[in-house]
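Here is what each chain is made of, one letter per residue.
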Amino acid sequence: MCVTVEDGRLTAIEPVAGNEATPEGPCLKGLAYVERQHSPDRILHPLRRRKDDSYERISWDSALDEIVFRLKKTRGEHGPQAILHYAASGTKGLLNGCSLAFWRLFGGCTTTYGDLCWPAGLEATRLTLGDNKHNAPWDLANARLIIFWGKNAAETNIHQMRFVDQALDAGARLIVIDPRRTQTSERSELLIQPRPGTDGFLALAAARLLIEKGNVDQDFIDGHVHGFDEFAAMTTERTVEEAARICDVPIAAIEKLAGLLGSIKPATICAGFGMQRYTNSGQTMRALIALAAITGNIGVQGGGWVYANLQTQVFGGDRDPIAFYPPKKPDGIVRVSVSTARLGRDMLAQTDPPLKFAWVERGNPLAQNPETHQVRKAFRALDFRVVVEQFMTDTAREADIILPAKSMFEQTDVIGAYWHHYLQLRPRILDMPGEVRAETEVFRALAARLDIGGPELDNAIPGSGYLDTWLNQQLQPLDLTIDDLKAGPVPAPGSESVAFADRVFPTPSGRVELVSAEASERWGIDPVPRAALPGETAAGGDHDPATPLQMMTPNTKNRIHSQFGNLDLIKQFDPGPEVTIHPDDARARGIEHGDQAVVFNRRGEFELKARIDGGIRRGCVSVTNGWWGEQGGLVNLLSEGRETDVAHGAAFHDNLVEVKRA
Ligand SMILES: Nc1nc2c(c(=O)[nH]1)N[C@H]1C(S)=C(S)[C@@H](COP(=O)(O)OP(=O)(O)OC[C@H]3O[C@@H](n4cnc5c(=O)[nH]c(N)nc54)[C@H](O)[C@@H]3O)O[C@H]1N2
Ligand SMILES: Nc1nc2c(c(=O)[nH]1)N[C@H]1C(S)=C(S)[C@@H](COP(=O)(O)OP(=O)(O)OC[C@H]3O[C@@H](n4cnc5c(=O)[nH]c(N)nc54)[C@H](O)[C@@H]3O)O[C@H]1N2
Ligand SMILES: [Mo]
């Protein structure tokens, strides 16, 4: 971003000419930072809840004193693990690590394991290819065939569409696989709309056809694939007709998918997170990667498996999704941990010790974690809650004390990415407004009051005067300095613009693993990616007939999860939540376009406007996630706290509902 600051205020955000990944500049959300940064709704002072649930402004001294009193009391009576530290995806940067550094000094805390976002796909990729990396963003322009699988890039990776357009203009072909017609599918020649959560069956049927017709890359398979024969045998367990029936897609669509994939090279499969939010997601994603592998589309220009590019994760150890496993117990500190996907349930169930205190920063679990009712109940069961926030989110409203959070323009940090492979400096360009303090300063103030950290404190949590030195220390093993980054984005050391071009796959066999012993040892799943239905699906037959509709809660163009939707600029485009429903399903329920509708299941309900749209599969409804309670669309009131088959992700879309007119 090229940012203009006048009289201490952000006045314009423009593209940076020459930025290879995002040359067209920020999207509407990026532009909305001008409003967000100076919004009158921003929290600028510590706040304490009154008895009537309103908030009063208090001084930092009294906020910190009360927090310290509560921390000591909780630690004294129940031990440090009676305190939950919860952080999510609000902002990225090296300084985020300082929070856990504080809790380590404090003597520990209860942490979370797993993640709301992408772990099933990350782990599936790691098990199969050995690492999570992919070709540079702009390499997509070299693809001759592009498959967007469960990814709506036109809304969620807007800049990627530029490279899609370049590829299409040069004659490439585009396939989209998504139960919804989306902005991404507009230019595709083939849109396959499978029953949600059945993509594994679809992929294996395509693989079967590819193998039967000999349209595979035998040289790549012989040289670099482990377990091909077992995988091939497994694909014959079900006919293409059977798969088509399970996915409820035309046989011709599967044949066309296999036909294009078998005949056009290079092909890139851009996989999103859609089919990765089900209880069968790990196996589904492994089956998809297999398609890229057997057609030899790995390690080549214009080809590949594009899921997550973690090549900028070069700090402090490996980028193995090991962070997604329940923490081990090193350094003498006993760590207790709850599942992010089951946050509410696990918090309530924890007894040794019971949770009494929660610290939340960079996240909005009341809106974004599954099963809002349980999360709310768990937060309300605590003695004390601190939330560090910029705005009055649903989670902030649960806090006893709210601490005002900095914005990304107010503290220097080093950031990576998960699409391109550049490290960047995010320089401080604005002063913190009101009494806002950076998290690092808050933790230092708490540490001083608790008398922890001593002379080591600056190394654990740098003070503002020490920040540049600290960042330089982090960069030093990479042979980089802040000054290098000041000159512009720098490719992460060791990063590749064509991933796996060297054909080095850091798996146990050193090859692409279509059979993975590790998968079954670690996660108890089949070593081959055999397909199975998700846990809660209308395809299963044994579902509750009272809730026949599969609800998907995708992301949307003009918000990042629950952020931005409170801004006037964004409200012009997205004034309120809507449930999208197929005309046939709406007619059967007497619902008309624009009617108020209630979406419900045994876990909860909410009311919102109906949007009738023939672009969504019959039997499915969708509501974008990230609405606030006050806006009427807390979608996770209806989801269940349930993990994916691998890596402790959240199976948000294993979610059957019914809709009726309000
Ligand atoms: N504008 C915007 N951009 C974002 C974000 C945001 O909030 N707003 N969030 C960022 C983050 S953190 C993430 S994780 C990514 C997510 O990026 P995406 O993966 O693109 O987003 P989703 O909307 O979760 O899912 C994509 C598509 O999957 C489809 N889908 C659902 N179930 C299935 C299924 O069973 N099979 C198939 N084939 N498709 C299915 C949905 O209909 C949806 O269109 O976006 C990132 N970019
Ligand atoms: N039903 C359903 N639920 C979903 C999803 C879905 O597809 N369906 N998607 C899931 C996915 S992919 C993700 S990634 C998660 C996202 O889950 P969260 O990360 O909890 O969601 P955000 O809405 O981005 O909330 C981030 C919060 O951090 C605050 N924040 C921003 N910067 C800072 C800072 O510097 N310091 C502090 N202290 N706070 C800051 C913002 O104001 C915001 O309230 O949601 C998940 N939830
Ligand atoms: Mo995410």
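Residue numbers restart at each chain and count upward from 1, following the sequence in its written direction. Just so you know, chain letters begin at A and ligand numbers begin at 1, following the order they were written in. This being a predicted model, a pLDDT of at least 70 is required before a residue's local features are given, and a value of 80 or more before pairs of side-chain atoms are given or counted; all residues contribute to the totals for chains, interfaces and linings. Note that the side-chain values use all heavy atoms of the structure and ignore hydrogens as well as water.

**Student:** Help me out: how do you make sense of the pattern of salt bridges in this one?
**Tutor:** Charged atoms that come close allow side chains of opposite charge to pair. Put simply, a salt bridge is a Lys or Arg side-chain nitrogen that is within 4 Å of an Asp or Glu carboxyl oxygen. Within this structure, the stated rule accounts for 47 salt bridges. Of the charged contacts in the structure, one is a salt bridge between Glu640 and Arg345, with a shortest N-O distance of 3.9 Å. Here Glu640 is found in the loop between strand 25 (620-622) and strand 26 (656-661), whereas its partner Arg345 is found in helix 14 (residues 343-349), with 295 residues between them in sequence. Here Glu640 falls in the buried class, since its relative accessible area comes to 13%. Here Arg602 and Glu640 are joined by a salt bridge, their closest N and O atoms 3.4 Å apart. One end of the pair, Arg602, is in the loop between strand 23 (596-601) and strand 24 (604-612); the other, Glu640, is in the loop between strand 25 and strand 26, with 38 residues separating them in the sequence. Overlapping salt bridges bring together Arg345, Glu371, Glu536, Arg602, Arg603, Glu640 and Arg642 as one network. The way it works is that DSSP assigns letters per residue, a run of H or I at least four long becomes a helix, a run of E at least two long becomes a strand, and they are numbered from the N terminus. Think of it in three bands: with a 1.4 Å probe and only protein chains considered, a residue is buried below 20% of the maximum accessible area for its type, exposed above 50%, and partly exposed in between.

**Student:** Sorry, what's going on with the site of ligand 2 here?
**Tutor:** Near is defined per residue: the residue qualifies when any heavy atom it owns lies within 4 Å of the molecule or strand. Lining the immediate surroundings of ligand 2 are 29 residues, of which Ser89, Gln368, Glu389, Glu439 and Ser562 lie closest. Residues adjacent in sequence count toward polar contacts only when both atoms are side-chain atoms; beyond that, a polar contact is any pair of N or O atoms within 3.5 Å, and within protein one must be able to donate a hydrogen and the other to accept it. A distance of 3.3 Å separates a nitrogen atom of ligand 2 from a polar backbone atom of Arg362. Here a nitrogen atom of ligand 2 sits 2.5 Å away from a polar atom, N or O, in the side chain of Glu439. Residue-level accessible areas treat just the shown protein chains as cover; the underlying method is Shrake-Rupley with a 1.4 Å probe. If ligand 2 stood free it would expose 930 Å²; the protein chains cover 97% of that surface. Under the grouping applied here, Gly and all other residues not named as nonpolar or charged are polar, the nonpolar ones being Ala, Val, Leu, Ile, Met, Phe, Trp, Tyr, Cys and Pro and the charged ones Asp, Glu, Lys and Arg. A class-by-class count of the residues in the shell around ligand 2 yields 8 nonpolar, 14 polar and 7 charged. Per-domain counts for the shell around ligand 2 show at least three residues from each of domain 1 (2-50 + 80-114 + 325-491) and domain 3 (549-661). For the domains described, the bounds stem from an automatic or database domain assignment.

**Student:** Is there a simple way to think about helix 16 (residues 372-380) in this case?
**Tutor:** One full turn of an α-helix is made of 3.6 residues, so residues set three or four places apart face in the same direction. Of the residues making up helix 16, those classed as buried are Thr372, Val375, Ala378 and Phe379. The buried residues of helix 16 all sit within an arc of 130 degrees when viewed along its axis, so they share a single face. Exposed side chains of helix 16 directed beyond 90 degrees from the buried face belong to Lys377 and Arg380. Where helix 16 is buried, its residues contact helix 14, strand 14 (357-361), helix 15 (365-368) and strand 15 (384-389). Relevant arc is that of directions from the helix axis to the C-beta atoms, nothing else. When checking whether two residues touch, look at their non-hydrogen atoms; a contact exists if any pair is within 4.5 Å.

**Student:** Would you explain the sheet that holds strand 19 (residues 490-491) in this entry?
**Tutor:** The strands that make up a sheet are held in pairs by hydrogen bonds between backbone atoms, and each pair lies either parallel or antiparallel. The rule for pairing is simple: two strands pair if DSSP sees at least two bridges between them. Spatially, 17-18-19 is the arrangement adopted by the 3 strands of the open sheet, whose pairing is antiparallel. Taken across any chain shown, the strands that pair with only one partner, and hence form the sheet edges, are strand 17 (413-415) and strand 19. Direction of pairing for strand 17 relative to strand 18 (residues 422-426): antiparallel, over a ladder of 3 bridges. Each bridged residue has a counterpart across the sheet, and for Asp413 the counterpart in strand 18 is Arg426.

**Student:** What is the right way to look at the state of the cysteines in this model?
**Tutor:** Put plainly, a disulfide is one covalent bond tying together the sulfur atoms of two cysteines. Disulfides are defined as pairs of cysteine sulfur atoms found within 2.5 Å of each other. Scanning the model with the defined rule gives 0 disulfides in all. No disulfide involves Cys109; its sulfur sits 14 Å from that of Cys98, the nearest cysteine. Relative accessible area serves as the criterion here: at 3%, Cys109 is assigned to the buried category.

**Student:** What's the story with the side chain of Thr440 in this structure? I'm lost.
**Tutor:** Examined against the element boundaries, Thr440 turns out to sit in helix 17 (residues 439-450). A distance of 2.8 Å separates polar atoms of two side chains, one belonging to Thr440 and the other to Gln411. Not counting residues up to four positions away in its chain, the partners in contact with Thr440 are Leu95, Cys98, Gln411, Ile461 and Pro462.

**Student:** What is the right way to look at the sheet that holds strand 24 in this model?
**Tutor:** The 6 strands are arranged 21-25-22-24-23-26 in a closed barrel whose pairing can be described as mixed. Mean inter-strand twist for the sheet, computed between neighbouring axes without regard to direction, equals 45 degrees. Here strand 22 (residues 578-581) runs beside strand 24; their pairing, made up of 4 bridges, is parallel. Its bridge partner lying in strand 24, Val579 is registered against Ala610. The convention used is that axes are lines fitted to C-alpha atoms, helices contributing only their stretch in contact, and that angles between N-to-C directions extend from 0 to 180 degrees.

**Student:** I would appreciate a short explanation of the domain arrangement of the protein in the present structure.
**Tutor:** Much of the literature gives interface size as the accessible area that the parts lose upon coming together. You can read the domains of the protein as domain 1 (2-50 + 80-114 + 325-491), domain 2 (120-310 + 499-523) and domain 3 (549-661). Summarising the inter-unit geometry, the C-alpha centres of domain 2 and domain 3 are found 27 Å apart. In this complex, domain 2 contributes 26 residues to the contact, which on the side of domain 3 involves 24 residues. Reported buried area values correspond to the accessible surface (1.4 Å probe) lost by two parts on association, with both partners' losses combined. Buried surface at the junction of domain 2 and domain 3, both sides included, amounts to about 2,100 Å², of which 56% is carbon and sulfur. Taken together, the connections running from domain 2 to domain 3 amount to 1 salt bridge. In this structure, the salt-bridge partner of Arg617 is Asp248, at a minimum N-O distance of 2.8 Å. At the junction of domain 2 and domain 3, the tally comes to 14 residue pairs in polar contact (both at pLDDT 80 or more).

**Student:** Is there a simple way to explain the environment of Asp526 in this structure?
**Tutor:** The residue Asp526 is located in the loop between helix 21 (517-523) and strand 21 (549-552) in this model. The exposure class assigned to Asp526 is partly exposed, which follows from its relative accessible area of 28%. Sequence separation of Asp526 and Ser516 is 10 residues, and the distance between their C-alpha atoms is 8.4 Å.

**Student:** Sorry if this is basic, but what is going on with helix 13 (residues 281-294) here?
**Tutor:** Take the residue count of a helix, subtract one, and multiply by 1.5 Å to get its expected span. An ideal rise of 1.5 Å per residue puts 20 Å on 14 residues; helix 13 measures up with 20 Å between its terminal C-alpha atoms. Within helix 13, 14 of the 14 residues are buried, leaving the element largely enclosed by the surrounding structure. Remark: Gly296 follows helix 13 within two positions and exhibits a positive phi of approximately 70 degrees.

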